[in-house]
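Topology and contacts: notes
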Amino acid sequence: NFINNVIKLPDYELPDGSMVTYFDELCTGPEKLFMPADGKSPKQAPRADPALPAHIQAVDIDVENDSLQEIVRASVLGCDVDCRKEIMSNVMLVGGGSLIDGMQQRLADELKTVFPDNVKVKTSVQLPLERTNAAWIGGSILSICGSFQQMWISKKEWLEYGDILFDHRLK
């Protein structure tokens, strides 16, 4: 059913008997995740600073305005070059947003547009019951890994670089 180029979904009856009418806002809300707020094309990756380790390189992320695929791209570009292809072949969707119908395939398709053709993009999701706490569980496992502990900011690094460590990560 179309009304003025808007998709009209079937009415839904609430338990109290009142009817609720939905239009395309229900379907197009998740679409905003994939569109940059400013409507611009994808950003150019910032140049790497050879004086800084990979985990504190400048990344140009604006979580309020960037599209989901650009946020993922910037995050991956902040990782070591040798790990990037492996990361992109193991993208895991977790949390409530991963329950949106078609999210897995749509994210994979959008990521293919911001990465070169030779990068294999593979997305997967966990079972619905595991999605709620997956980010917390993954973070806690990662925090005890020896290789991850090397990426922590030491007191020496903090004293040497200070707030610039965070400025590079947020920009």
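Read on for a plain summary of the structure. (Residues numbered from 1 in each chain as written. Predicted model: local features only at pLDDT ≥ 70, side-chain atom pairs only at ≥ 80, totals over all residues. Heavy atoms only, no water.)

A few words now on the packing of helix α2 (residues 68–77) against helix α4 (residues 103–114). Remark: α2 packs on α4, axes separated minimally by 9 Å, with the N-to-C direction vectors making an angle of 60°. Accordingly, the angle class assigned to the pair α2 and α4 is oblique. Note that α2 runs across α4; the crossing there is right-handed. Residues L68, Q69, E70, V72 and R73 of α2 form the contact with α4, whose own contacting residues are L107, E110, L111 and V114. Of the residues contributing to the contact of α2 with α4, the split by class is five nonpolar, one polar and three charged. (Axes fitted to C-alpha atoms, helices over the stretch in contact; angles between N-to-C directions. Helix = DSSP H or I, 4+ residues; strand = E, 2+ residues; numbered from the N terminus. Parallel < 35°, antiparallel > 145°, perpendicular 65-115°, else oblique. Left-handed = near helix turned anticlockwise from the far one by under 90°. Contact = heavy atoms within 4.5 Å. Nonpolar A, V, L, I, M, F, W, Y, C, P; charged D, E, K, R; others polar.)

One pass over the full model with this rule turns up two salt bridges. Here R73 ties to E70 by a salt bridge, and the two come within 3.4 Å at their closest N and O atoms. You can see R73 and its partner E70 sitting in helix α2, three residues apart, about one turn around the helix. You can call R73 buried: its relative accessible area is 14%. As a salt-bridge pair, R106 and E110 come within 3.0 Å of each other at their nearest N and O atoms. A residue pair is termed a helical-turn pair when its members lie 3 or 4 positions apart in one helix, as R106 and E110 do in helix α4 at four residues. (Salt bridge = Lys/Arg side-chain N within 4 Å of Asp/Glu carboxyl O. Buried < 20%, exposed > 50% of the residue type's maximum accessible area, 1.4 Å probe, protein only.)

Turning our attention to α4. Under the 1.5 Å per step criterion, the end-to-end length of α4 is 17 Å for 12 residues, consistent within 8% with the ideal 16 Å. What α4 keeps buried is the set M103, L107, A108, E110, L111 and V114. Where α4 is buried, its residues meet α2, α3 (84–88), β5 (91–93) and β6 (123–125). (Expected span 1.5 Å × (residues − 1).)

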